[in-house]
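# Survey of secondary and tertiary structure
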Amino acid sequence: MMTVNEVSKLAGVSIRTLQYYDKIGLLNPVEYTESGYRMYDDTSLERLQQILLFKELQFSLKDIKDILDSSDFNRNRALEQQITLLTMKKEHLENLILFARGIQGIGVKTMDFSVFDTKTMDEYARQAKETYGNTKEYKEYEEKRKNYSDGDEKHMAKEMMELFQQLGQLRQLQPSDSEVQNKIKVLHEFINEHFYTCSMKIFAGLGKMYAGGGSITENIDAAGGEGTGKFVAEAIRFYCGEQ
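## Digging into the side chain of T217
Relative to the helices and strands, T217 is located in helix α11 (residues 214-224). If we skip the residues at most four places from it in the chain, T217 touches M209, Y210, A211 and G212.

## Description of the packing of aromatic side chains
Inspection of the entire model under this criterion finds four aromatic pairs. For the pair F54 and F59, a centre-to-centre distance of 5.0 Å together with 45° between the ring planes defines the contact as tilted. Of the two residues, F54 and F59, both sit in the buried class. Ring centres of F164 and Y210 lie 5.2 Å apart, and the angle between their planes is 80°; this geometry places the pair in the edge-to-face category. With F164 in helix α8 (residues 150-168) and Y210 in helix α10 (residues 200-210), the pair connects residues that are 46 residues apart, well separated along the chain. With a relative accessible area of 3%, F164 lands in the buried category.

## Quick word on the packing of α8 against helix α12 (residues 228-239)
At their nearest, the axes of α8 and α12 sit 10 Å apart, and the two run at 85° to each other. Here α8 is positioned roughly perpendicular relative to α12, judged by the angle of their axes. Two secondary-structure elements touch here, α8 through F164, L167 and G168 and α12 through T228, F231 and V232. In terms of residue class, the contact of α8 with α12 is built from four nonpolar, two polar and no charged.

## Let's talk about the packing of α8 against helix α9 (residues 178-194)
Where α8 contacts α9, the axes come no closer than 10 Å and their chain directions differ by 165°. One finds that α8 runs roughly antiparallel with respect to α9. As α8 packs across α9, the resulting crossing turns out to be left-handed. Counted together, M156, E159, M160, L163, F164, Q166 and L167 of α8 and V180, K183, I184, V186, L187, F190, I191 and H194 of α9 form the full contact between these two elements.

## Examining the pattern of salt bridges
This model, assessed by the stated rule, comprises six salt bridges. Between D69 and K65 there is a salt bridge, with its nearest N and O atoms 3.0 Å apart. Judged by its relative accessible area of 41%, D69 is partly exposed. As a salt-bridge pair, R237 and E234 come within 3.2 Å of each other at their nearest N and O atoms. Linking R237 with E234, this pair stays in helix α12, spanning three residues, or about one helical turn. On the accessibility criterion, R237 (34% relative accessible area) is partly exposed. Looking at E234, the relative accessible area reads 34%, which means it is partly exposed. Among the ionic contacts, a cluster of salt bridges with common partners joins R47, K65 and D69.

## Describing the state of the cysteines
If you walk through the whole model with that rule in mind, you get zero disulfides. In this model C198 remains outside any disulfide bridge; the closest cysteine sulfur is found in C240, 7.7 Å from its own. C198 sits in the buried class, given a relative accessible area of 3%. On the accessibility criterion, C240 (16% relative accessible area) is buried.

## What about the environment of E193?
Note that E193 resides in helix α9. Residue classification places E193 among the exposed residues on the basis of a relative accessible area of 54%.

Here is what the cut-offs are and how they apply
- Residues numbered from 1 in each chain as written.
- Predicted model: local features only at pLDDT ≥ 70, side-chain atom pairs only at ≥ 80, totals over all residues.
- Heavy atoms only, no water.
- Helix = DSSP H or I, 4+ residues; strand = E, 2+ residues; numbered from the N terminus.
- Contact = heavy atoms within 4.5 Å.
- Phe/Tyr/Trp six-rings, centres within 6.5 Å; stacked < 30°, edge-to-face > 60°.
- Buried < 20%, exposed > 50% of the residue type's maximum accessible area, 1.4 Å probe, protein only.
- Axes fitted to C-alpha atoms, helices over the stretch in contact; angles between N-to-C directions.
- Parallel < 35°, antiparallel > 145°, perpendicular 65-115°, else oblique.
- Nonpolar A, V, L, I, M, F, W, Y, C, P; charged D, E, K, R; others polar.
- Left-handed = near helix turned anticlockwise from the far one by under 90°.
- Salt bridge = Lys/Arg side-chain N within 4 Å of Asp/Glu carboxyl O.
- Disulfide = S-S within 2.5 Å.

Spelled out as structure tokens, the structure:
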């Protein structure tokens, strides 16, 4: 057992912060001494590690509490996601360092702000939070991922964007056109094969997400041309019988 003062020194977190975490129910001590001092055990320290990792990734305290208190919280899965996000953050910082060194070394005057783009990392973080519903589709995807290397995942992402590119080339047709619908079927089968069993309900939901704005729509439009996300959404809606 450790006192609040010992935990503060060990973790580099102020006593006031630990008191606040107790107040909001984020990290409660195991017990209080007769003198009112907070006491923490190893389980408390493990939870504090998770809190600090999520904080480093700029999750709000409310989101962290919701995740850690979730009935289906899985520590190993959380660590995998944290490692992925931290790796993205590391690459982002490395790009910023190179960018700054370029300015320092050769006096770059070009106003290139793309290096500051964190949309991919932010989108992954958002999706990571939503996975704690622990659906059977997510479990299926997790099982498949165990067999995928980094190269496999990059290749799948490339193939998927190529499908959106091909769909973008069909934008002059009606979403209900047989050629468009055949390509939508290929997209549906691709998701079934590589990610999870994608029901018509889920596929229709994906279609709405493709046209819903943000980085997903932007990436699809970048691959297939402006309006591709919306076009694909309409084609999926027809495919799923929601016309």
